[in-house]
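Overview (structure and organization)
Each chain, letter by letter, is given below.
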Amino acid sequence: MIAPDALTQASASDVKANAPRIVLQGVSKTFSSNKGSGTVALKDVDLSVRDGAFVSLLGPSGCGKTTVLRMVNGLIKPDSGSVLVSGKVPEPGPDMGFVFQSFRLIPWSSVRGNVEFALADLLPDKAERRERADRYIELVGLKRFGDAYPSELSGGMRQRVALARALATEPKILLMDEPFASIDAQTRELMQIELMRLWTVRRSVALFVTHSVDEAILLADQVVLMGPRPGRILEVIDVGLERPRWSYDVRAEPRFIELRAYLWDRIRTLVLTDPESDFYGRDLGSAV
Amino acid sequence: MKIAAYRLAFLAALIGLWWLASTMVARNLVPSPWATVLAAQRLIAEGRLMSALGESLSIYLGGYGVAILVGIPAGLVMGTIRPIGKTLEIFVYALSATPRVAFIPLIIVFLGLGPQAKILIIFLGAVMPILINTYAGALNSDQELIEMARSVGAKKSRIFTQIMLPGAVPFILVGLRVGATIGLINTVVAELYTAVKGLGGLLAIYGNTFRMAEYFVIVLTLALIGVIVTEALRFLEVRLGRWRRSEVIV
Ligand SMILES: Nc1ncnc2c1ncn2[C@@H]1O[C@H](COP(=O)(O)OP(=O)(O)OP(=O)(O)O)[C@@H](O)[C@H]1O
Ligand SMILES: [Mg+2]
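Here, residues in each chain are numbered from 1, in the same order as that chain's written sequence. Here the convention is simple: chains get letters from A, ligands get numbers from 1, in the order in which they are written. Predicted model: local features are reported for residues with pLDDT of at least 70 only, side-chain atom pairs are reported and counted for 80 or more only, and whole-chain, interface and lining totals are derived from all residues. By convention in this description, side-chain values take in all heavy atoms of the structure and omit both hydrogens and water.

**Things to note about the overall build of chain B**
Rules: Counting from the N terminus, the helices are DSSP H or I runs at least four residues long and the strands are E runs at least two residues long. In what follows, residue pairs with any heavy atoms lying within 4.5 Å of each other are defined as contacts. Only the protein chains shown count as cover for residues, with accessible areas throughout obtained via the Shrake-Rupley method and a probe of 1.4 Å. We treat Lys and Arg as the positive residues and Asp and Glu as the negative residues; His and chain ends play no part in the count. Every charge is mapped to an atom, namely NZ of Lys, CZ of Arg, CG of Asp or CD of Glu.
Helices and strands together make up the secondary structure of chain B, namely 11 helices and zero strands. Listing each helix as α and each strand as β along chain B from the N terminus yields α-α-α-α-α-α-α-α-α-α-α. Principal axes of the C-alpha set define a box for chain B whose edges measure 70 × 55 × 30 Å. Pairs at least 24 apart in sequence give 73% of the contacts found in chain B among residues at least 6 apart. Carbon and sulfur atoms make up 72% of the accessible area of chain B, which totals about 13,900 Å². Each charge sign in chain B was given a centre, from 21 positive and 11 negative side chains, and these centres are 2 Å apart.

**Focus on the UniProt feature "transmembrane region" (unreviewed entry) in chain B**
All names here are of chain B. This is how it is decided: UniProt positions are given in the numbering used here, feature names are shortened, and annotations may be inferred rather than shown by experiment.
The positions UniProt marks with the feature "transmembrane region" (unreviewed entry) are residues 58-78, 90-113, 119-138, 159-185 and 215-236. As annotated, residues 58-78 has a helix share of 100% and a strand share of 0%, and its two end C-alpha atoms lie 30 Å apart. Segment residues 159-185 splits into 100% helix and 0% strand. End C-alpha atoms: 37 Å apart.

**Some points on the coordination of the magnesium ion (ligand 2)**
In ideal tetrahedral geometry, four donors around a metal make angles of 109.5 degrees, whereas ideal octahedral geometry with six donors gives angles of 90 or 180 degrees. Where we set the bar: A donor here means an N, O or S atom no more than 2.8 Å from the metal, or no more than 3.2 Å when the metal is Na, K or Ca. Since water is not included, a site may seem to lack partners.
Surrounding the magnesium ion (ligand 2) are the protein donor atoms A:Thr66 (OG1) and A:Gln101 (OE1), which sit 1.9 to 2.4 Å from the metal. Taken together, the residues A:Thr66 in helix α2 (residues 65-73) and A:Gln101 in the loop between β5 (96-99) and α3 (111-119) connect sequence positions 35 residues apart.

**Here we look at the sheet that holds strand β2 (residues 39-50) of chain A**
Residue and element names in this part refer to chain A. Heads up, the condition is: Here, strands pair whenever DSSP counts at least two bridges between them. As a rule, the C-alpha atoms of each element are fitted with a line to give its axis, helices using only the stretch in contact, and angles between N-to-C directions run from 0 to 180 degrees.
The three strands are arranged β2-β1-β4 in an open sheet whose pairing can be described as antiparallel. The open sheet terminates on both sides in strands that have one partner only, identified here as β2 and β4 (80-85). The mean angle between the axes of side-by-side strands here comes to 20°, regardless of whether they run parallel or antiparallel. When strand β1 (residues 20-31) meets β4, the two strands line up antiparallel, connected through five bridges. Along β4, the bridge assignment pairs Gln25 with Ser82.

**Observations concerning the sheet that holds strand β8 (residues 222-227) of chain A**
Residues and elements named next belong to chain A. Reading across the sheet, the six strands line up as β5-β6-β7-β3-β8-β9 and stay open at both edges, with mixed pairing between neighbours. Since the sheet does not close on itself, it has two edges, and those belong to β5 and β9 (232-238), each with one partner. Mean inter-strand twist for the sheet, computed between neighbouring axes without regard to direction, equals 15°. Of the pairings in the sheet, the one linking strand β6 (residues 173-177) to strand β7 (residues 205-210) comprises five bridges and is parallel in character. Bridging from a neighbouring strand, Leu175 pairs with Leu207 of β7. Contacting β5 and β6, helix α5 (residues 155-168) crosses the sheet at an angle of about 175° to β5.

**Some words on the environment of B:Tyr6**
By secondary structure assignment, the location of B:Tyr6 is in helix α1 (residues 2-24). Linking B:Tyr6 and B:Met24, residues 18 residues apart in sequence, is a C-alpha distance of 27 Å.

**Quick notes on the site of ligand 1**
Residues and elements named next belong to chain A. Basically, it comes down to this: It suffices for a single heavy atom of a residue to lie within 4 Å of a molecule or strand for the residue to be listed as near it. Polar contacts, as counted here, are pairs of nitrogen or oxygen atoms within 3.5 Å of one another; within protein the pair requires one atom able to donate a hydrogen and one able to accept it, and residues that are adjacent in sequence qualify only if both atoms are side-chain atoms. When residues are grouped by polarity, Ala, Val, Leu, Ile, Met, Phe, Trp, Tyr, Cys and Pro land in nonpolar, Asp, Glu, Lys and Arg in charged, and all others, Gly among them, in polar.
Residues in contact with ligand 1 amount to 13 residues; listed here are only the nearest, Ser61, Lys65, Thr66, Thr67 and Gln101. In this structure, Lys65 approaches ligand 1 through a side-chain N or O atom, which is 2.8 Å from an oxygen atom. One nitrogen or oxygen atom from the side chain of His211 is found 3.1 Å from an oxygen atom belonging to ligand 1. Relative to its unbound accessible surface of 630 Å², ligand 1 loses 68% to contact with the protein. When residues of the shell around ligand 1 are traced back to their parent elements, those giving at least two are β2 and α2. At three residues, the largest contribution of residues to the shell around ligand 1 is made by α2. Its residues assigned to classes, the shell around ligand 1 shows three nonpolar, eight polar and two charged.

**As for the interface of chain A and chain B**
This is how the line gets drawn: As a working definition, buried area equals the accessible area (1.4 Å probe) given up by two parts on being put together, with both sides summed. Between Lys or Arg on one side and Asp or Glu on the other, a salt bridge is scored when a side-chain nitrogen of the former is within 4 Å of a carboxyl oxygen of the latter.
Between chain A and chain B, the contact holds 23 residues from the first and 20 residues from the second. Buried area between chain A and chain B, both sides added, is near 2,000 Å², and the carbon and sulfur share of it is 57%. When the buried surface of chain A facing chain B is broken down by residue, A:Arg104, A:Trp108 and A:Phe117 rank first, second and third, together holding 38% of it. Where chain A meets chain B, there are five salt bridges. Here A:Arg104 makes a salt bridge to B:Glu144, at a shortest N to O gap of 3.7 Å. Linking chain A to chain B there are nine residue pairs in polar contact (both at pLDDT 80 or more). Secondary-structure elements contributing two or more residues to the side of chain A that touches chain B are α2, β5, α3 and α5 of chain A.

**Describing the nonpolar core**
Condition: In this description, a nonpolar core means a group of buried Ala, Val, Leu, Ile, Met, Phe, Trp, Tyr and Cys residues linked to one another through side-chain atoms lying within 4.5 Å. When accessible area is computed with a 1.4 Å probe and restricted to protein chains, residues below 20% of their type maximum are described as buried, those above 50% as exposed, and intermediate ones as partly exposed.
In terms of nonpolar packing, the biggest core is built from 52 residues, with A:Phe54, A:Leu58, A:Leu163, A:Met176, A:Ile217 and A:Leu263 touching the most fellow members. Not counting residues up to four positions away in its chain, the partners in contact with A:Phe54 are A:Met176, A:Leu195, A:Trp199, A:Ala206, A:Phe208, A:Leu219, A:Ala220, A:Asp221, A:Gln222 and A:Arg243. Membership of the second largest hydrophobic core comes to 48 residues, among which are B:Ala67, B:Ile107, B:Val127 and B:Tyr135.

**Quick look at the side chain of A:Ser110**
Along the chain, A:Ser110 falls in the loop between β5 and α3. The residues contacting A:Ser110, other than those within four sequence positions of it, are A:Gly146, A:Asp147, A:Ala148 and A:Tyr149.

**Structural notes on the pairing of β9(A)**
Residue and element names in this part refer to chain A. With six bridges joining them, β8 and β9 adopt antiparallel strand pairing. Note on β9: the bridge partner recorded for Val224 is Val236. Where β8 folds back onto β9 in an antiparallel hairpin, the turn is made up of four residues, including Arg229, whose phi is positive at roughly 45°.

**Side note on the confidence of the model for chain B**
Do not read the predicted coordinates in detail wherever pLDDT is low. Residues and elements named next belong to chain B. Stated precisely, the cut-off is as follows: As a per-residue quantity, pLDDT reports the predictor's confidence and falls between 0 and 100.
When pLDDT is averaged along chain B, the result is 90; 97% of the residues meet or exceed 70. No element of chain B has a lower mean pLDDT than helix α11 (residues 246-249), which averages 45, and none a higher one than helix α7 (residues 143-152), which averages 95. What the predictor reports for the complex is a pTM of 0.84 with an ipTM of 0.87.

**Description of the packing of aromatic side chains**
Residues and elements named next belong to chain A. In plain terms, the rule: Two rings belonging to Phe, Tyr or Trp (six-membered ring only in the last case) form a pair when the distance between their centres is within 6.5 Å. Interplanar angles under 30 degrees mark stacking, angles over 60 mark edge-to-face geometry, and anything in between is tilted.
Here the structure, examined in full by the defined rule, presents six aromatic pairs over all chains. Judged by centre distance (5.5 Å) and plane angle (80°), the ring pair of Phe54 and Trp199 falls under edge-to-face. Remark: Trp199 occurs in helix α6 (residues 185-202) and Phe54 occurs in strand β3 (residues 54-58); sequence separation between them is 145 residues. The two residues Phe54 and Trp199 agree in class, both being buried. Relative to Phe100, the ring of Phe98 lies with its centre 4.1 Å away and its plane at 5°, an arrangement referred to as stacked. Residue Phe98 shares its accessibility class with Phe100, and that shared class is buried. Among the aromatic residues, ring-to-ring pairing joins Phe54, Phe180, Trp199 and Phe208 into one connected group.

Here it is as structure tokens:
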């Protein structure tokens, strides 16, 4: 009686593993602005993320990276096209974790209170909730700051609290909007490794927005390159570097160097040829 | 500690000026500080001050209390249920711009000269700042935090009690403070215009009979009530605002 049961379970999860976890199809979104015309944040975006994948979203400011994350979380709906997560229209909740670009900590709650806020519905038992919160506060290296208020923390520490809050629900899908942007270089490297470890253990899906080309390649299975005005996906690149990546010097790999040079070049051209960009038409090539 | 010393020094300077004024202006208009102390002793010994204080405080706290019970919930409802807020807003602002003293004759016609009329006059003065500030606080709630709470899966009730309400607290406290001051003013106004009783009543009696030392005692008593109530609210503000950086509190 056990064998067939195990079989069906295995095949069911196999199907799941092959089917994409997150699917965006022909997604467009326009934000109305005071000026009238409105901003086209995304236009005809198609993206498919398989289960267990780590995907970096890379692109110049204003190309709709945050908008993609908010849609996948179900916080906003597309004007047209469809967003499906695990085959359903996404609903916000503890099975998705969101690290916001601007931390969004509750100023009148302590660090622990902020992390517990995300756990309230998941763990009704107070002691259990506290234990879980403390575990993740320790994970991000803020053990001694559980009782501190956000106003007493540095920018990098605040960002780590936001990360702990998103990780604490142990979500199947992690949406991270430049989660390491204001963390100092050393801590950043530690946090990157910690994140990769967690992701390896959990095999959760990660959508990771970053402005750093190195970080995008270092962490991801795939790098999604986006362009602005209108926000769209230009290219999806398979990274193809061996994991675990903390066990060797990834940055020295020819593949890493090649990807890095290629992505830098693409982004630079994007910025220099975008009439709306502050750097439009500058001849940066001759300066080198 | 330093600030306390400066405050005492300033108070001493004020009393000095007062004494100076009492020696220079015709004696009957500005009583000396000492004469005022003697008058206070007399008024306390006769039991007049205490009974007037009791009358005034009971209507003041009654009117102010009802204003809190009405103003805060009404402001929150207007701020969270937008159609209600947008509909009522203009009427609230119109009412708050009308001098409430204008309603006193009408109130007397309906409620007479007793405590009900007085409490209504105080209520009308205090409720507006409380309501308007609570409304502003609810409208001012942090949209980014609300989106964070939604993303975590928090229900509307939890977003209200844990994000919107605490965010509105600083605004509500400002409303309570302004309301407390206006309520106190309206207490005196009510006691002057309706049945002449309480501290406002004594003010009228001593003012009309030029018993200036007694008159000063009443004025100082009113000032003292104002200080006590606003300081109590400030204490509450500091307690509730402990999460701010400590230097803001001091
Ligand atoms: N709520 C909104 N209202 C109006 N316009 C918006 C809103 N949200 C985003 N936009 C616009 O949509 C475009 C894409 O925004 P989005 O925040 O997704 O960019 P981004 O790629 O995350 O940029 P950055 O790297 O600077 O964070 C921008 O032009 C932005 O001005
Ligand atoms: Mg963004």
